[in-house]
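Chain by chain, the residues run as shown.
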Amino acid sequence: MPAPKHSPATFNIPLGPVHVALEEPVYFDLQVDGEIIRGATLHSGHVHRGMENLAQHRNLIMNQTLTERVCSLCSNSHAFTYAMVVENALGIGVPERAHYLRTLTEEIKRVASHLFNLAIQAHLCGFESLFMHTMELREIFQDVKESLYGNRMNLAFNCIGGTKFDLDDECFGFLDESINKFMPAYKELMDIFETDPLICARIKGVGLLPKEDAVRLGVVGPVARGSGLAIDVRKETPYAAYGKVDFDVVVRDGCDLYARTCVRLHEVIESIRIIRQVMRDIPQGEVRTHMNKIFPAQAIARSEAPRGEVIYYIRTNHTEIPERLKWRVPSYMNWEALGVMLRDAKIADAALITNTIDPCVSCTER
Amino acid sequence: MASFLNVLLQNLISGPATDPFPFGETFTPKRIRGRIVVDPGRCLGCGMCRHVCAAGAIHLQKDSKGWTITIWQDSCCLCRSCVTYCPMNAMSIDPDWHSAHAEEDKFKRIEQHTISYEPCARCGTPMRVMALDKARELYADDADVDPEEIRHLCRSCRQMSDAENSTVCVLRSDINTAQQEGRD
């Protein structure tokens, strides 16, 4: 947003680029009046890795691994959406079991990602023991990922035409056991986040993003749903097995940090609901169809990552190296909302407000 | 506030949540991706693993006697593509995740196998002997073919032998297209 005219009492302070909220670099130039922020200019580009260009020099299968490394917390969403866009372009049908497995994986990643964001929020509120406790609970899901997929962050589960491997009954047994261990502790944690006076004092009424601004800026994901916009790609255009499972879109109209926290807290519950339904309904069968032919085509695919809508675009030619691969990530849309949220906020809340959009700088700058 | 005091109390009773590693055991699931291993008995040297490797960790050097397959463990990003796309199931993942090593050992952490050609049982051309279970799998529908015998034949002798011995001629559609593509 444009900086107001500087009065003698106004001065600029730099915030970042190191450790604004997460360990991801972004630099803010804050125009402050006393301790109130009057304007913010955002400078990014510290972690640009030229990934779109890299993708145009590697074959379709190598790009599966590359896209998984765009971001760490929503790594599976990128690999998944990339697999979908190639399948859309080349007309590859995915087996039913793979659809369910992909849905399951997405939701496991979503739970871990939301818990991470909530933990960082507790840390930024200065509530270190709650931060530790949230991370400890998240560890249950990290162990699930490690046991089912073999790694804590990059699951390497999706491939073009389905999934790279299958999950057996032992995996589902471990997942079920972990969820049963997780749920009672999580209910307790939810209660703390929603009612604790220390947390509420820091987040209620702070970082306001009115619904009109949310619509104008086109924000996505929990940021939009915290401002009363019921948008969720999983409901609008169901992909994978989302059309066959029952879940609710969590919407809050508080427009503040508290509303967005509640959205994330309740989305974890919805994700667990989806995971349980997938475990109950998953059909037997193959998990992968082969890619037979590559021809010139273009396609898009979109999915709901933990931070919001991810869109992939691909244009292929006769070779196995794509002519163009392009993606738009949710943080790119949500960045602009920071200008609105930071206006008239206190400097002390700047990091907390930045964290509320669950910023993913490495996605945005790739 | 009271609810968090409850959590603190429980944590005090249950003790530390962290594993005592390196002084004790840590959580190591069966499926953990530790490092890639190659089964030299199955590798056909087709190069599919190298073709799909996003990290460029696989090196394949061929000469008239055979080939050497090398996997650079420090380059490997454990994305599992080689395991998925290897047509012979020669690649697998070992759950041994202990990869800490001294700086001077960084180029020594490799998985390397040299595989030699053997002469074809019929014409003597240097060729790679197929793994027995793969030969059984490929010729499962054809009772006239002895997998043990046919796996020692080169490609052209295999085709000849097939044509001579087979009473049923199974022409799969994908064989036809594969040959056409080969000619292109």
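None of these values were measured; they are calculated from a predicted model. Here the residue index of a chain counts from 1 through its sequence in written order. Chains carry letters and ligands carry numbers; both start at the beginning, A for chains and 1 for ligands, and go up in the order they are written. Residue-level local features of this predicted model are given only where pLDDT is at least 70; pairs of side-chain atoms are given and counted only at 80 or more, and the full residue set underlies all totals for whole chains, interfaces and linings.

**A few points about the overall build of chain A**
When helices and strands are tallied, chain A shows 14 helices and eight strands. The globule rule used for comparison is 2.2 Å times the number of residues to the exponent 0.38, while the radius of gyration itself is calculated over C-alpha atoms. Relative to the 2.2 N^0.38 estimate, which gives 21 Å for 366 residues, the radius of gyration of chain A is 21 Å and therefore close to what a compact globule would have. Seen through its principal axes, chain A has C-alpha atoms that stretch 70 × 50 × 30 Å. Expressed as a percentage of its 366 residues, the buried residues of chain A come to 51%. In this description, any two residues whose backbone-derived C-beta atoms lie within 7 Å of each other are considered to be in contact. Of all intrachain contacts in chain A linking residues separated by at least 6 positions in sequence, the fraction that spans at least 24 positions is 71%. In this text, helices come from DSSP runs of H or I with a minimum length of four residues, and strands from runs of E with a minimum of two, each type numbered from the N-terminal end. To sort residues by exposure, count the other C-beta atoms lying within 10 Å of each residue's C-beta; 20 or more gives buried, 12 or fewer gives exposed, and values between give partly exposed, all with C-beta atoms placed from the backbone.

**Topic: the sheet that holds strand β6 (residues 297-305) of chain A**
Across a sheet, strands are paired by hydrogen bonds formed along the backbone, either parallel or antiparallel in direction. Residues and elements named next belong to chain A. At least two bridges found by DSSP between two strands is the condition for calling them paired. Sheet architecture is open: three strands sit in the order β6-β7-β8, paired in antiparallel fashion. Of all the strands in the sheet, the pair left with one neighbour each is β6 and β8 (324-328). Neighbour to neighbour, the strand axes of the sheet diverge by 10° on average, direction disregarded. Across five bridges, strand β7 (residues 308-316) lies against β8 in antiparallel orientation. Paired with Ile 314 across the bridge in β8 is Leu 325. Here the axes come from fitting lines to C-alpha atoms, over the contacting stretch only for helices, and the angles between their N-to-C directions go from 0 to 180 degrees. Packed on one face of the sheet, helix α3 (residues 75-90) meets β6 and β7 and runs near 150° to β6.

**Considerations on the packing of helix α4 (residues 96-124) of chain A against helix α5 (residues 128-149) of chain A**
Residues and elements named next belong to chain A. Two elements in contact, α4 and α5, have axes whose closest approach is 8 Å; the angle formed by their N-to-C orientations is 165°. Compared by their axis directions, α4 and α5 come out roughly antiparallel. For the element pair α4 and α5, the recorded crossing hand is left-handed. Between α4, through Ile 108, Val 111, Ala 112, Leu 115, Phe 116, Leu 118, Ala 119, Ala 122 and His 123, and α5, the contact on the second element is made entirely by Glu 128, Leu 130, Phe 131, Thr 134, Met 135, Leu 137, Arg 138, Phe 141, Gln 142, Val 144 and Lys 145. Residues belonging to the contact of α4 with α5 are distributed by class as follows: 14 nonpolar, three polar and three charged. Orientation is classified from the angle alone, with under 35 degrees giving roughly parallel, over 145 giving roughly antiparallel, 65 to 115 giving roughly perpendicular, and any other angle giving oblique. Helix crossings get a hand from a simple test, with the near helix turned counterclockwise from the far one by less than a right angle marking a left-handed crossing and a clockwise turn marking a right-handed one. For this scheme, ten residues count as nonpolar: Ala, Val, Leu, Ile, Met, Phe, Trp, Tyr, Cys and Pro. Four count as charged, namely Asp, Glu, Lys and Arg, and the remainder, Gly too, count as polar.

**Digging into the packing of helix α6 (residues 169-195) of chain A against helix α11 (residues 257-281) of chain A**
Residue and element names in this part refer to chain A. Two numbers describe how α6 lies on α11: the axes approach to 11 Å, and their chain directions differ by 160°. Put simply, α6 runs roughly antiparallel to α11. Our pair here, α6 against α11, has a crossing hand that is left-handed. In this structure, α6 contributes Phe 172, Leu 175, Asp 176, Ile 179, Met 183, Tyr 186, Met 190, Phe 193 and Glu 194 to the contact, and α11 contributes Thr 261, Cys 262, Leu 265, Val 268, Ile 272, Ile 275 and Met 279. The residue inventory of the contact of α6 with α11, partitioned by class, reads 13 nonpolar, one polar and two charged.

**Regarding the environment of Ala 301 of chain A**
All names here are of chain A. By the element assignment, Ala 301 lies in strand β6. On the basis of neighbour count, Ala 301 is assigned to the buried category, with 22 C-beta atoms found within 10 Å. Placed 220 residues apart in sequence, Ala 301 and Thr 81 show a C-alpha to C-alpha distance of 6.2 Å. What Ala 301 contacts, discounting residues up to four positions off in sequence, is Thr 81, Met 84, Val 85, Asn 88 and Tyr 312.

**Topic: the interface of chain A and chain B**
At the junction of the two partners, chain A supplies 23 residues and chain B supplies 20 residues. Elements with a contribution of two residues or more to the side of chain A that touches chain B: α2 (60-68), α5 and α6 of chain A. With eight residues, α5 of chain A is the single largest residue contributor to the side of chain A that touches chain B. Residue composition of the side of chain A that touches chain B, grouped by class: nine nonpolar, six polar and eight charged.

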